Amino acid sequence: MEKIVINGGKPLNGEIEIGGMKNGALPIIFASILVTNGVSVLENLPAVKDIDLSLEIIESLGAKVERIDRHTARIDATSVKVAEPPASLVRKMRASYYLLGAELGRFGEAVVQYPGGCDFGGRPIDRHIKGFETLGATVTETFSESGKCVRAVTEDGVVGANIFFDDVSVGATINVMLAAATAKGLTIIENAAREPHIVDLANFLNTCGAKVMGAGTPTIKITGVDKNELHGCTYTVVPDMIEAGTYMVAAAATGGKVLIKNVIPKHLEATSTKLAEMGVKIVENDDSVEVSVPSELTATNIKTLPYPGIPTDMQPQFCVLMCVAQGVSKLIEGVFDNRFQYVDQLRNMGASIEVNGRVATISGGSPLYGASVNASDLRAGAAMVIAGLAAQGKTEIENINYINRGYEDIVEKLLAVGADISLVNIED
Ligand code: UD1
């Protein structure tokens, strides 16, 4: 086991290249199960644990997966069968529930154990189930040797329908898109999530011959095509806006100047706007943004929301920035019930943060001091890295498996911009 050790207080300077979007690549990997006519070649996959896991999951169902290089996989899904995947893999990540939508679309039935992933309070899947039921599936909970499973069965395949989501859900929108791509007839999703990875999935499916329109707006229309019409293609996953946003905040928190390369600036608008409000200078280029800090950082208020709002996956990182900015900031979590579990770790570093339900009040401007902390989930782990970079003295971060789930080469990327950061064996 390893931990990350940071000697903080050094401004980051230089360039960081952003990889493919984890949360975009995951549904596309599961969508490749729908492709029976030819192979899918997926490019710009981030080299992170969740991608390895999802490729292992589809392999366990019979897909032939060839890793062409670190960021490219060739997937032949012809021999995939409906089967319960190994629970040990499924329970390691949330996105394994995309198997439900993909298998339902291809076979008219699916069975998957309840998914794992970061714990932000209860993470129900009722909207996914409602979506599948509206498409004609009977969904039940079953129990097997590997624990509680969700089973969805149709009589004769999925049938298109109108689905209205009371609240926006990224995962449920994706799962319905997967199930509906080869359904009989038209599916209309109202109050759909609008995240860039929804658009990326639609683009992948359409490149394979599906008919998905309106992705990126609240209304997505999917005209089901014949299963044999979905053909293989080569597809490049879009850049990761959360990885980019994380390094933007890291540059700002250390008072550095960093060019973040290979991004789609439009996807970063909410993050850039809030950073600018706090005194950070952002220069947008075609496919890069430059972040620098010309003057003192000041407090602001943020409420996380579904896209195009500030992503909840940027909430812990902004919390750290608010700790180093002068004044009192309010940070409201608008998506999850319980996403402030990491705050105690920042308090150990000297941060002054009050949490009341979904609202954190941060009295910023006092120095952070290095401490031993834990990555309590993926983005909280990234926030601990930022806090360590901004803090005076030495920070040791344990439980870094979470960070490796979503950040490719985080230590190497930060070393290249001047951070004093290393990976150390815990035994040492
Ligand atoms: C995805 C992302 C995650 C991100 C989140 C919000 C992946 C693998 N994960 O998670 O990083 O933080 O979007 O941008 O892409 N909810 C229900 N019932 C449901 C589904 C969701 O009540 O059936 C609730 C959730 O508990 C949460 C809210 O709806 O409070 C939004 O969740 P959702 O958008 O579904 O997040 P995920 O797809 O799980």
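Shown above is the structure to which this text applies.
Because the structure is predicted, anything quoted here is derived from the model rather than measured.

**Observations concerning the packing of helix 1 (residues 22–31) against helix 7 (residues 196–207)**
Relative to each other, helix 1 and helix 7 sit at 30 degrees, their axes nearing to 9 Å. What the angle tells us is that helix 1 and helix 7 run roughly parallel. Crossing geometry of helix 1 relative to helix 7 is assigned as right-handed. Of the residues in helix 7, those in contact with Asn23, Gly24, Pro27, Ile28 and Ala31 of helix 1 are His197, Asp200, Leu201, Phe204 and Leu205. Its residues placed into classes, the contact of helix 1 with helix 7 shows 6 nonpolar, 3 polar and 1 charged.

**Concerning the sheet that holds strand 17 (residues 301–303)**
Taken together, the 4 strands give an open sheet; going across it, the order is 17-18-20-19, and neighbouring strands pair in mixed fashion. The strands lining the two open edges of the sheet, one partner per strand, are strand 17 and strand 19 (352–356). Across the sheet, the axes of successive neighbouring strands diverge by a mean angle of 15 degrees, strand direction being ignored. Summarising the sheet, strand 19 and strand 20 (residues 359–364) pair through 5 bridges and their orientation is antiparallel. Note on strand 20: the bridge partner recorded for Ser352 is Ser363.

**A short note on the pattern of salt bridges**
All told, the structure shown has 19 salt bridges when counted by the stated rule. Linking Glu15 and Lys261 is a salt bridge whose minimum nitrogen-to-oxygen distance equals 3.0 Å. Taken together, the residues span a long stretch of sequence, with Glu15 in strand 2 (residues 13–17) and Lys261 in strand 14 (residues 257–261) at a distance of 246 residues. Since its relative accessible area comes to 46%, Glu15 is described here as partly exposed. Look at Lys261 and you get partly exposed, because its relative accessible area is 28%.

So, how was this worked out
- Residues numbered from 1 in each chain as written.
- Predicted model: local features only at pLDDT ≥ 70, side-chain atom pairs only at ≥ 80, totals over all residues.
- Heavy atoms only, no water.
- Axes fitted to C-alpha atoms, helices over the stretch in contact; angles between N-to-C directions.
- Helix = DSSP H or I, 4+ residues; strand = E, 2+ residues; numbered from the N terminus.
- Parallel < 35°, antiparallel > 145°, perpendicular 65-115°, else oblique.
- Left-handed = near helix turned anticlockwise from the far one by under 90°.
- Contact = heavy atoms within 4.5 Å.
- Nonpolar A, V, L, I, M, F, W, Y, C, P; charged D, E, K, R; others polar.
- Pairing = 2+ DSSP bridges.
- Salt bridge = Lys/Arg side-chain N within 4 Å of Asp/Glu carboxyl O.
- Buried < 20%, exposed > 50% of the residue type's maximum accessible area, 1.4 Å probe, protein only.

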